[in-house]
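# Residue-level structure breakdown
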Amino acid sequence: GLLDLDHKSPRHLIESLCSCRKVGANYLLNIGPTAQGGIDPMQGEIMKVIGQWMNIFGEAIYNGKPYTRCEENRNFILKSDDALYLFFFDLKITGSANVVVDNGSFGNYAFENVTDRIASIEWMDNKESLEFMQTGDHLEVKATGFPYGTHTCVRVAKAPLA
């Protein structure tokens, strides 16, 4: 039989999900059954990968509402009743220059129009605390890169409200 080998990547789907939530939209991810009524094995595995991402960051997706975004890049913030969730795209992997390709970025990220005061910021995946400075409605976060051997496509930090 004929094969469909042109699948969207988990990165594309995760980034699309996040971009939809940035503006408060829902993301309907549909997979169709095969002619025999089953699930295509590749589509099933991609759904598992997205499920792994949601196990780590789903709280931000489900509880966060549109808040503010950084105009010069794709990063943005969602807000729940008790926290801000900061979404970071295109972060680098940290590690030796001999094994890590130099693409993406890490360092200081600025978010404007942040009127809420926060107490702390930490990555949701490994609970690492992040340095930040908040002055007026300007929030600057020192975002660390992914630990070598890990990458979640989009990384989310949680900042409980002060």
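Relevant structure appears above.
This section reports on the structure supplied with the text. Given the structure is predicted, the values throughout are model-derived calculations rather than measurements. Per chain, the residues get numbers from 1 upward, laid out in the order the sequence is written. Thresholds applied to this predicted model are a pLDDT of at least 70 for local features of residues and 80 or more for the giving and counting of side-chain atom pairs; totals over whole chains, interfaces and linings are not thresholded and use all residues. With hydrogens and water excluded, all non-hydrogen atoms of the structure serve as input to the side-chain values.

Before going further, it helps to examine the overall build of the chain. Runs of H or I in DSSP of at least four residues are treated as helices and runs of E of at least two as strands, each being numbered from the N terminus. From N to C terminus, the chain includes two helices and eight strands. Starting at the N terminus and ending at the C terminus, the chain contains elements arranged as α-α-β-β-β-β-β-β-β-β. Accessible area is worked out with a 1.4 Å probe on protein chains only. A residue is then buried under 20% of its type maximum, exposed over 50%, and partly exposed in between. Scored against the burial criterion, the 162 residues of the chain give a buried share of 36%. The contact rule is simple, with two residues in contact once any of their heavy atoms fall within 4.5 Å. Counting only contacts in the chain whose residues sit at least 6 apart along the sequence, the fraction spanning at least 24 positions is 63%. Residue-level accessible areas treat just the shown protein chains as cover; the underlying method is Shrake-Rupley with a 1.4 Å probe. Carbon and sulfur atoms form 52% of the exposed surface of the chain, whose accessible area is close to 9,400 Å².

With that out of the way, let us pick up the pairing of strand 2 (residues 76–79). Two strands are counted as paired when DSSP detects at least two bridges linking them. Where strand 2 and strand 3 (residues 83–89) come together, four bridges link them in antiparallel fashion. Its bridge partner being in strand 3, I77 is matched across the sheet by L86. In this structure, the hairpin formed by strand 2 and strand 3 is closed by a connection of three residues.

It is worth spelling out unusual backbone geometry at this point. We note that D90 has phi near 60°; this positive angle belongs to a residue other than glycine. Within the secondary structure, D90 sits in the loop between strand 3 and strand 4 (107–111).

Between N-to-C directions, angles cover 0 to 180 degrees, with each direction set by a line fitted to C-alpha atoms, over the stretch in contact for helices. Relative to each other, helix 1 (residues 10–22) and helix 2 (residues 41–63) sit at 30°, their axes nearing to 10 Å. It follows that helix 1 is roughly parallel to helix 2 by the angle criterion. Where helix 1 crosses over helix 2, the two elements pack in a sense that is right-handed. Here P10, L13, I14, L17, C18 and R21 of helix 1 lie close against helix 2, whose contacting residues are I46, V49, I50, W53, M54 and I61. If an angle is under 35 degrees, it is roughly parallel; if it is over 145, roughly antiparallel; if it lies from 65 to 115, roughly perpendicular; otherwise it is oblique. Take the far helix as your reference; a near helix turned counterclockwise from it by less than a right angle gives a left-handed crossing, and one turned clockwise gives a right-handed crossing.

Turning next to the sheet that holds strand 7 (residues 138–143). Sheet strands pair by backbone hydrogen bonding; their relative direction is either parallel or antiparallel. Spatial ordering of the open sheet is given by 4-7-6, a layout of three strands whose pairing is antiparallel. Each edge of the open sheet is held by one strand with a lone partner, namely strand 4 and strand 6 (131–135). The average angle at which neighbouring strand axes cross in this sheet is 15°, direction not considered. Inspection of the sheet shows strand 6 paired to strand 7 by five bridges, in the antiparallel sense. Pairing of F132 across the sheet is with V141, part of strand 7.

Moving on: helix 1. Multiplying 1.5 Å by the helix residue count minus one yields the expected span of that helix. Here helix 1 contains 13 residues, and its C-alpha end-to-end distance of 18 Å stays within 8% of the 18 Å for a straight helix at 1.5 Å per residue. Of all the positions in helix 1, only L13, I14, E15, S16, L17, C18, C20, R21 and K22 are classed as buried. In the segment just after helix 1, G24 is the residue with positive phi, at about 85°.

Remember, this is a structural readout, not a statement about activity or role.
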